[in-house]
Amino acid sequence: MAVIAVYSVKGGVGKTTIAANLAWFSAAVSRRKTLLWDLDAAGGAGFLFGVEPRRSRSAQSIFAKDAAPADLIRHTAIDMLDLLPADESLRDLDGLLARIGKKKRLARLAEDLSTQYERIILDCPPVLSELSAQVIRAADVVIVPLPPSPLSARALDMVTQEIRTHAKAQPPILPVLSMLDLRRNLHRAARQANPGWPVIPQASAVEQCAVLQRAVGDFAPTSPAARAFGQLWTAIERRLAG
Ligand SMILES: Nc1ncnc2c1ncn2[C@@H]1O[C@H](COP(=O)(O)OP(=O)(O)O)[C@@H](O)[C@H]1O
Ligand SMILES: [Mg+2]
């Protein structure tokens, strides 16, 4: 089992989009039993697969151990892909985790899920908090989407620092140039400065994910965007194997 966190301190950088599309590749192409775990109260990952949270249970209740993950997990329309949806209760997850005082609660929950899932992909909120510390302790690899901007370098520094602070066995960081548009000078410069980083292009096909509520690999398998997500997934699998 491996836990793949898609994380940044910044919002709107493509975390949810990347998490959902990687989950699709993991399940539909690698044929691994995959759980996409939405940790952001905004609930974008569930929306991208047309999955609503169960009304009877709150997403926070599994952290309080008032409910088992299995009580909340939903199947998606994709074979091998399940989703642990978010809801409004996650707004106060930091407070709850701080009150409980168990630094590895998320890591242990993920460990328990490893009997059922080979890959767990965490879609994280853009926070520096107890939750991000827990994510870092649980993760085997941390994917950091970085749109080409000077602010991104700062975000990467903050994530790197956060990982140094919170993880004993430090998970590798895989920065990803997201929303790349090579017609723009700044973007070309960012690409040249980081030739080894995987790239996700700025593409209308990616925006369509939210309209169609499907992964790009599903509705446009030969598009450059789908190929880019596939290459990113391969890079992650390689990192996990090494
Ligand atoms: N590669 C891309 N090309 C075009 N639009 C994108 C791309 N990645 C993300 N978006 C759009 O940008 C917005 C923010 O993406 P999202 O994945 O929700 O970011 P985050 O989870 O980091 O807040 C969404 O409207 C999404 O459709
Ligand atoms: Mg998001």
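Residues numbered from 1 in each chain as written. Chains lettered and ligands numbered in written order. Predicted model: local features only at pLDDT ≥ 70, side-chain atom pairs only at ≥ 80, totals over all residues.

### Overview of the overall build of the chain
Definition in use: Each helix is a run of H or I in the DSSP string that is no shorter than four residues. Each strand is a run of E no shorter than two, and both are numbered from the N terminus. Radius of gyration means the value over C-alpha atoms here, while the globule rule gives 2.2 Å times the residue count to the 0.38 power. Here exposure depends only on C-beta density: within 10 Å of a residue's C-beta, 20 or more other C-beta atoms make it buried, 12 or fewer make it exposed, and intermediate numbers make it partly exposed, the C-beta atoms being placed from the backbone. Whether two residues are in contact is decided by their C-beta atoms, placed from the backbone, lying within 7 Å.
In terms of helices and strands, the chain carries eleven helices and eight strands. Over its C-alpha atoms the chain spans a radius of gyration of 17 Å, differing by no more than 12% from the 18 Å that the globule rule assigns to 242 residues. The buried share of the chain, taken over its 242 residues, is 47%. Of all intrachain contacts in the chain linking residues separated by at least 6 positions in sequence, the fraction that spans at least 24 positions is 73%.

### Concerning the site of ligand 1
The test is simple: A residue counts as near a molecule or strand when its C-beta atom, positioned from the backbone, falls within 6 Å of it. Amino acids outside the nonpolar list (Ala, Val, Leu, Ile, Met, Phe, Trp, Tyr, Cys, Pro) and the charged list (Asp, Glu, Lys, Arg) are all regarded as polar, and Gly is one of them.
In the vicinity of ligand 1 lie 16 residues, with G14, K15, T16, T17 and V206 positioned nearest. Every element with two or more residues in the shell around ligand 1 is listed here: α1 (15-29), β7 (173-180) and α9 (204-212). For the shell around ligand 1, a count of residues per class yields six nonpolar, eight polar and two charged.

### What to know about the environment of E118
If you trace the backbone, E118 turns up in the loop between α5 (105-113) and β5 (119-123). Residues E118 and G95, spaced 23 residues apart in sequence, show a C-alpha to C-alpha distance of 30 Å.

### What about the nonpolar core?
What counts, and what does not: Nonpolar cores are built from buried Ala, Val, Leu, Ile, Met, Phe, Trp, Tyr and Cys residues. These are joined into a set through C-beta atoms within 7 Å.
In this structure, A5 and L122 are the most contacted members of the largest nonpolar core, which totals 76 residues. Here this core takes eight residues from α1, the largest share from any one element.

### A look at unusual backbone geometry
Phi angles above zero are rare outside glycine, and K65 is one such case at about 65°. As for its position among the elements, K65 is in the loop between α2 (44-48) and α3 (69-72). Of note in this structure, M179 is not a glycine but carries a positive phi near 55°.

### Focus on the environment of P125
Note that P125 resides in the loop between β5 and α6 (130-138). Residues P125 and Y7, 118 residues apart in the sequence, show an inter-C-alpha distance of 7.3 Å.

### Examining the packing of α1 against helix α11 (residues 224-241)
This is how it is decided: Here the axes come from fitting lines to C-alpha atoms, over the contacting stretch only for helices, and the angles between their N-to-C directions go from 0 to 180 degrees. When an angle is under 35 degrees it counts as roughly parallel; over 145 it counts as roughly antiparallel; between 65 and 115 it counts as roughly perpendicular; any other value is oblique.
It is at 9 Å that the axes of α1 and α11 come closest, and there the two elements cross at 75°. Considering the angle they form, α1 stands roughly perpendicular to α11. Facing α1, whose interface residues are N21, L22, F25, S26 and V29, α11 presents F229, G230, L232 and W233. When its residues are assigned to classes, the contact of α1 with α11 shows six nonpolar, three polar and no charged.

### Details of the packing of helix α4 (residues 93-100) against α6
Relative orientation of the contacting elements α4 and α6 amounts to 70°, with a least axis distance of 8 Å. Considering the angle they form, α4 stands roughly perpendicular to α6. Mapping the contact onto sequence places L93, D94, L97 and A98 in α4 and E130, L131 and Q134 in α6. Class assignment for the residues of the contact of α4 with α6 results in four nonpolar, one polar and two charged.

### Things to note about the sheet that holds strand β8 (residues 199-201)
Here is the rule we go by: Should DSSP find at least two bridges between two strands, the strands are taken to pair.
With mixed pairing, eight strands are arranged side by side in an open sheet as β3-β4-β2-β5-β1-β6-β7-β8. Looking along the sheet, the strands with just one partner apiece sit at the ends: β3 (74-75) and β8.

### Focus on the pairing of β5
Side-chain positions along a regular strand alternate between the two faces of the sheet. Within β5, five of the five residues are buried, which leaves the element mostly enclosed by the surrounding structure. Where burial is concerned, the two faces of β5 agree: the one with R119, I121 and D123 and the one with I120 and L122 are both buried. Judged from the five bridges that link them, strand β1 (residues 2-6) and β5 form a sheet pairing that is parallel. Looking at β5, one finds that A2 is bridged to R119.

### Details of α6
Counted residue by residue, α6 has nine buried out of nine residues, so it is predominantly covered. Tucked inside the fold, the buried residues of α6 contact β1, α4, α5, β5, β6 (141-146) and α7 (150-166).

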